[in-house]
Amino acid sequence: LYQTIEIVEFNYYTTATWLPYETATTGPFSMISQGKQWGEKWQYGWFKGTVIVPAEYAGKRIELISDFGGESTIYVNGKLAGAKDYLHKVLPLSLQALPGEPFEIVAEVYAGHDRDLPVYGRSRVVAVHEEFYQFNIDLKALLQLRNGLEPSSLRVSEIDQCFLQLIAEMDWTAAGEGIEDMARTGRLIMKPLLDCVNGSTSPKLFMMGQSHLDIAWLWPMEETKRKIARTLSNQLSLLEEYPEYRYVQSQPYLLQLTKALYPELYARIKRYVAEGRIILEGGMWVEPDTNIPSGESLIRQFLYGKRFFHEEFGVDNQLLWLPDVFGYSGNLPQIMQKCGIDYFATVKMFQTYDNIAAPFPFNTFTWEGIDGSEVLVHLLDYGIYPNPADVSYAINQWKERVQQEGISSRLVQFGYGDGGGGANRDDLEFLRRMTNLEGVPQTVITSPITYFEDLQERGVPDARYVGELYYPAHRGTLTSQAKMKQGNRRSEFALREVELWNALSARSGKLTYPKAQVDDLWRKLLMLQFHDILPGTSITRVHEEAEKAFGEVLQSAELLIQEATTALTDRSDQGVTLFNSLAWERTDVIELPVSYSGAKYANGESLTIQAQQDRLLARVTVPSMGYLSLYPADNVKTGIAVNIVKSVNTVKAATNSLENQWLKVSLNEYGEIISIYDKQTNSEWLNGLGNRFLLYQDTPSNFDAWEIDRRYAAAGVELEEPASLTVIAEGPLYAAIRVERIINHSTLVQEIRLDADGRSVEFHTVVDWKEKHKLLKVGFDLNLHTTESLNEIQFGYIKRPNHASRKHDADQYEVSQHKWSAMVEGDRCFSLLNDCKYGLNVEGTRMNLTLLRAPTWPDERADEGRHEFTYAIHTWNEGFMSNPVVREAYELNCQMLVVPGIVEQSSELLTFDRANIVIDTVKLAEDGSGDLIVRSYESKGAAVRCMLTVGFDIETACVTDMLEEGSVEELQESTFSNKIALSFTSFEVKTIRISPRIVRSL
């Protein structure tokens, strides 16, 4: 295939940091000899050499075959020309200069981190025997076609005759230029068979060129900076050579990186986007996990993703493309619809390994979410690894569809992915032959939107799927790398506080809304929600860097919260102000400065205080989305109305029990609960043990960090060491017992806490985790009979079976949740709450919250060390609709703020008159108008009419889409100028835009 023209000699040096090309080319280059091992782990080598191709090679295809020892980003004459990776072995030089002119070749090469150090090999410039290359593609196309057809068909017989003719008539001893003559002869023999076309009933494949790139996974973010440059430069080279090629790029974050690091490359990309040949279609900022992020996070993925593509390229996305994500939330259709996304596509549902019992039944269908919203979906067959667009691939894409009736077309991706890369020259050559080749589905390279539009013209199949797209694999991703989950939950709630208090401060004229900083923090968090970072399936370095990044988001958010809340107080030392960001009047126990032992409300009434070691605690009530000041005993301002909450009940503790007016909780010597007795109904909540720690061997058959095998429950580890139990608090506000025990090689310290007036028991837990291949759960065996559990997801909940009656039920042996899960029997409701745990299983009467794992690949130290988290149980006897579990879960995750300084009067910003309506987000509008955006949702699955009360006069109000664009529902003010009447359907999310009335002086 190749004629060597010249061996290229290179000089090199190494660096540990990213360098722009202009700086890199001035580095300290020195000679390197073939066979030399170079660099160190995580380093990059810069190589530079020059070659002149003799003029006699004019008109031939000239290519560089390089061997630096690793993936390479290659510049030719100062221009980023392409890359060397696993499926891109050669770089076309004839596109960069003419023979007789010098080619200066500069390469940045990754030394790697998970294998031996690279060895510098031989690089050469070659001339391609082009006719022979084309002969090879022709021959492979016919051979693959023959092997993909029914052996007895006429088409196979004719292809066999053609092959016999090739063997008979070709000069197989040809060499040199004779190779080209031989190839021409062979191509003439094969041409009639390659010219045969399909009939009228041939299916059609809409081919989508892609290059799925994990932002971090088995490589760090530093390497992704190079991978996107390699990928895009290779794809630009193909676009230049093949006018029919169309390439899809889905992640705005990667193009933002390109803009910042490779401006010349970015300018070329913009040109091809304008021509319609690079198709920007994906919807979200990155391709995130959709089980773990909050509903607001998913909305922001669309907000920032669509905004970037629109502002930079003038395009608007219609497709959510998530090829490699581990299950899809049941409320995603509503979020998609209200973010202007019409279509959804993925490949992941069919890659399920050995952990599946019920394969997914459809390729093309209408997906209905938990609120009734619908979107059109196509599931591609799995293939984010090498997807060669050859004849075999095309035939199999049709043969392997699971939906045998009702469809006549499919959307098919091609091009190497996971680490980026994309299509190569072979793919485009095969596609030229396959356009309408008899025996192969028709193919067309196009935008995925064209496929969906064509599908709607042909007729959408009757297939419908309701609820979540549960992915029956990778269940361990709900738990692996616990610090990723905790960082995500805390960051989401921190940004919620940032936006609320800064919006209130800005509306009050106290400070300028920090829009640029808020945007920056959101984009950082959205990147960390990428589907191999947040699920915990990357190498050690990725998670170490992510943990640091979560910390930076939290630190910056806390500063913005502090600035906003301080601006709302008088900044004096006369008292402290309590800030409640939740949209209901909230009563809770807070910690005060120790000097406030005699603290009072503004009217002089004393607080109920409990001293606990070196902490001072008080129970207070603060207005809905508002604030309230407290004063030291000697500095009370009277005449200001406040809410007063006195603890009139008592709570008792012994080494084996906690008791208040509602519950008596009894423990055994292991710190396990043997009874939760309900005094209200004289009934028992447990059928066995509660707060029982369950340890299992956890050795998945494949994909260590990703999987929990279905057989894990048979591999329990006995925990025989009794616990040490100590009463550590007993006062007017709450009582608590400390439990200290050994969990295999790990230690656990837990504070079990019961409030005087509560129906919840909290478990504040610290684990020093020292396990390998172990799975830790905590279980509650309940005295309830039901056939399902309720698990919170984004903006609602989903019902899942607690039995294995059908194969699909049996597959759901580990499921996702957000802040709570519940089991309901009539009016009796038992709920399990958490502050950072996303995985659990519910089997019969047992609810088991998944706490920690200990996989060793791809991070050999996953989850080692100290973990601190809280979970809680909540009991209720008055029906699910009145059950305050949603509010309890928010309160567990969202602490009231205590800020130095006072306000003269308490404030209430927003509140609904119906408890099942939750205000999740309050922010200023994206357009800079100063309007208030209020994101609310119905949380219990029940339609309701309600009233929103606003703490200021309203000029206008409307319901917009989730991107704050347009008015989808005009709202009429009621008789009062600060109230809005609303109607919510089951699980409906409303984005309400409120313009405050400005009072102008005469």
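Below, the structure is looked at part by part. (Residues numbered from 1 in each chain as written. Predicted model: local features only at pLDDT ≥ 70, side-chain atom pairs only at ≥ 80, totals over all residues. Heavy atoms only, no water.)

**Describing the overall build of the chain**
Here comes step 1: In terms of regular secondary structure, the chain is built from 17 helices and 55 strands.
Here comes step 2: Taking 30 Å as the expected radius of gyration for a compact globule of 1002 residues, we find that the chain reaches 32 Å, a close match to that expectation.
Here comes step 3: If you line up the chain on its principal axes, its C-alpha atoms span 105 × 65 × 60 Å.
Here comes step 4: Out of the 1002 residues in the chain, the part that is buried amounts to 62%.
Here comes step 5: Sequence-distant contacts, at least 24 apart, represent 76% of the contacts inside the chain between residues at least 6 apart. (Helix = DSSP H or I, 4+ residues; strand = E, 2+ residues; numbered from the N terminus. Rg over C-alpha atoms; globule rule 2.2 N^0.38 Å. Buried < 20%, exposed > 50% of the residue type's maximum accessible area, 1.4 Å probe, protein only. Contact = heavy atoms within 4.5 Å.)

**Side note on the layout of surface pockets**
Here comes step 1: Estimated volume of the second largest pocket: approximately 730 Å³.
Here comes step 2: The wall of the second largest pocket is formed by 31 residues, among which L694, Y696, E843, R846 and N848 lie closest to the centre.
Here comes step 3: Mapped by element, the contributors of at least two residues to the lining of the second largest pocket are β31 (692-697), β32 (716-717), β37 (774-781), α16 (807-811), β43 (839-843) and β44 (846-853).
Here comes step 4: Ranked by the residues each element gives to the lining of the second largest pocket, the list is headed by β31, at five residues.
Here comes step 5: Of the residues contributing to the lining of the second largest pocket, the split by class is 16 nonpolar, seven polar and eight charged. (1 Å grid on protein atoms, 1.4 Å probe; cavity = no way out; pocket = protein on both sides within 12 Å on 5 of 7 lines; lining within 4 Å. Points joined across faces, edges and corners; volume = space filled by probe spheres on them. Nonpolar A, V, L, I, M, F, W, Y, C, P; charged D, E, K, R; others polar.)

**A short note on the sheet that holds strand β25 (residues 626-630)**
Backbone hydrogen bonds are what pair the strands of a sheet, in a parallel or an antiparallel way.
Here comes step 1: With respect to topology, four strands assemble into an open sheet ordered β46-β21-β25-β47, the strand pairing being antiparallel. The sheet terminates laterally at β46 (897-900) and β47 (907-908), the two strands that pair on one side only.
Here comes step 2: Where strand β21 (residues 576-580) and β46 come together, four bridges link them in antiparallel fashion. Opposite F579, over in β46, you have L897 as the bridge partner.
Here comes step 3: This element, helix α15 (residues 540-568), spans β21, β25 and β46 of the sheet and lies at about 60 degrees to β46. (Pairing = 2+ DSSP bridges. Axes fitted to C-alpha atoms, helices over the stretch in contact; angles between N-to-C directions.)

**A closer look at the environment of T577**
Here comes step 1: Note on placement: T577 falls in strand β21.
Here comes step 2: Here the alpha-carbon distance between T577 and P900, two residues 323 residues apart in the chain, equals 6.3 Å.
Here comes step 3: If near-sequence neighbours (up to four positions away) are discounted, T577 is found in contact with T569, Y627, L628, S629, L897, V898, V899, G901, I902 and V903.
Here comes step 4: A distance of 2.7 Å separates the side chain of T577 from the backbone oxygen of G901, its partner in a polar contact. (Polar contact = N/O pair within 3.5 Å; in protein donor to acceptor, adjacent residues only side chain to side chain.)

**Focus on the pattern of salt bridges**
Here comes step 1: Taken as a whole and judged by the stated rule, the model has 71 salt bridges.
Here comes step 2: If you follow the salt bridges from partner to partner, you end up with R61, E63, E130, E131, D138, R187, E241, R425, E429 and R433 in one network. (Salt bridge = Lys/Arg side-chain N within 4 Å of Asp/Glu carboxyl O.)

**Topic: the sheet that holds strand β26 (residues 652-654)**
Here comes step 1: Spatial ordering of the open sheet is given by β26-β27-β28-β29-β30, a layout of five strands whose pairing is antiparallel. Looking along the sheet, the strands with just one partner apiece sit at the ends: β26 and β30 (683-684).
Here comes step 2: Across two bridges, strand β29 (residues 673-678) lies against β30 in antiparallel orientation. Each residue of the ladder has a partner; that of D678, found in β30, is S683.

**Some words on the nonpolar core**
Here comes step 1: The biggest cluster of nonpolar side chains holds 203 residues, and the ones touching the most others in it are Y245, F365, W820, L910, L948, L982 and I994.
Here comes step 2: Counting residues per element, this core draws most heavily on α15, at 11 residues.
Here comes step 3: If sequence neighbours within four positions are ignored, F365 has contacts with F360, V375, L376, V377, L379, A463, R464, Y465 and L469.
Here comes step 4: Among the nonpolar cores identified, the runner-up in size contains 50 residues, and L725, W769, L776 and I873 belong to it. (Core = buried A, V, L, I, M, F, W, Y, C linked by side-chain atoms within 4.5 Å.)

**With respect to the packing of helix α7 (residues 263-274) against helix α8 (residues 295-313)**
Here comes step 1: Contact geometry of α7 with α8 gives a least axis separation of 11 Å together with a crossing angle of 90 degrees. One element, α7, and the other, α8, form an angle in the roughly perpendicular class. Along its contact with α7, which presents Y266, I269, K270 and V273, the element α8 presents F308, E312 and F313.
Here comes step 2: For the contact of α7 with α8, the residue count by class is five nonpolar, no polar and two charged. (Parallel < 35°, antiparallel > 145°, perpendicular 65-115°, else oblique.)

**Concerning the state of the cysteines**
Here comes step 1: Under the counting rule described, the total for this entry stands at zero disulfides.
Here comes step 2: With no disulfide of its own, C196 lies closest to C162 among cysteine sulfurs, the gap being 10 Å.
Here comes step 3: Residue class for C196 comes out partly exposed when judged on its relative accessible area of 22%. (Disulfide = S-S within 2.5 Å.)

**Some words on helix α6 (residues 252-261)**
Here comes step 1: Counting buried positions over the 10 residues of α6 gives seven, a clear majority of the element.
Here comes step 2: Of all the positions in α6, only P252, Y253, L254, L255, L257, T258 and L261 are classed as buried.
Here comes step 3: The secondary structure elements touched by the buried residues of α6 are α5 (221-241), β12 (247-249), α7, β13 (278-280), α8 and α14 (515-528).

**Overview of the packing of helix α13 (residues 482-507) against α15**
Here comes step 1: The contact between α13 and α15 brings their axes to 8 Å, and the two run at 25 degrees. As judged from the angle between their axes, α13 and α15 are roughly parallel. When you trace α13 past α15, the crossing you get is left-handed.
Here comes step 2: Across the contact of α13 with α15, the residue classes break down as 16 nonpolar, seven polar and four charged. (Left-handed = near helix turned anticlockwise from the far one by under 90°.)

**Thoughts on a nonpolar patch on the surface**
Here comes step 1: Nonpolar side chains collect at one region of the surface, where L164, I167 and W172 lie side by side and expose about 350 Å² of accessible area between them.
Here comes step 2: By the element assignment, I167 lies in helix α3 (residues 154-169). (Patch = residues over 30% accessible without salt bridge, like charges linked within 9 Å, V, L, I, M, F, W, Y side chains within 5 Å. Areas by Shrake-Rupley, 256 points an atom, 1.4 Å probe, with all protein chains shown as cover.)

**With respect to the packing of aromatic side chains**
Here comes step 1: Taken as a whole and assessed by the stated rule, the structure comprises 48 aromatic pairs.
Here comes step 2: Between Y245 and F414, the ring centres sit 6.2 Å apart and the planes meet at 50 degrees, which makes this aromatic pair tilted. Placement of Y245 in the loop between α5 and β12 and of F414 in strand β18 (residues 409-414) is noted, with a sequence separation of 169 residues between them. Like F414, Y245 is buried.
Here comes step 3: Each ring, one from W685 and one from F830, has its centre 6.2 Å from the other, and the planes form 45 degrees; the classification is tilted. Pair noted here: W685 is in the loop between β30 and β31 and F830 is in strand β42 (residues 828-834), with a separation of 145 residues, a long-range link.
Here comes step 4: Given the relative accessible area of 0%, W685 is considered buried.
Here comes step 5: Judged by relative accessible area, which is 0%, F830 ranks as buried. (Phe/Tyr/Trp six-rings, centres within 6.5 Å; stacked < 30°, edge-to-face > 60°.)

**Quick notes on empty space enclosed by the protein**
Here comes step 1: Scanning the entire structure with this criterion turns up 10 cavities of 30 Å³ or more.
Here comes step 2: The computed volume of the largest cavity comes to approximately 270 Å³.
Here comes step 3: In terms of lining residues, the largest cavity is bounded by 21 residues, among which S294, G295, K819, Y890 and D920 are the most central.
Here comes step 4: Elements with a minimum of two residues in the lining of the largest cavity: α8, α13, β38 (788-793) and β49 (917-924).

**Focus: the side chain of R828**
Here comes step 1: Among the secondary structure elements, R828 is positioned in strand β42.
Here comes step 2: By relative accessible area, R828 is classed as buried at 17%.
Here comes step 3: A polar contact is formed between the side chain of R828 and the backbone oxygen of E684, at a distance of 3.4 Å.
Here comes step 4: Residues within four places of R828 in sequence aside, it is in contact with S683, E684, W685, N783, L784, M823, W876 and N877.

**Let's talk about the environment of D381**
Here comes step 1: Its location among the elements puts D381 in the loop between β17 (374-379) and α10 (391-399).
Here comes step 2: Take D381: its relative accessible area is 8%, and that puts it in the buried class.
Here comes step 3: C-alpha separation for the pair D381 and T435, spaced 54 residues apart in sequence, amounts to 20 Å.
Here comes step 4: Beyond its immediate sequence surroundings of up to four residues, D381 is in contact with V347, F350, N363, N396, Q397, E400, R401 and R410.
Here comes step 5: At 3.0 Å, the side chain of D381 forms a polar contact with the side chain of R410.

**Notes on the pairing of β37**
The two faces of the sheet receive side chains in turn, since in a regular strand these alternate between them.
Here comes step 1: Of all eight residues that make up β37, eight are buried, and the element is covered over most of its length.
Here comes step 2: Both faces of β37 are covered, namely the face carrying K774, L776, V778 and F780 and the face carrying L775, K777, G779 and D781.
Here comes step 3: In the sheet, β31 pairs with β37 via six bridges, with the strands oriented antiparallel. Bridge pairing links R692 to G779 in β37.
Here comes step 4: Across seven bridges, β37 lies against β44 in antiparallel orientation. The residue of β44 that forms the bridge with L776 is L852.

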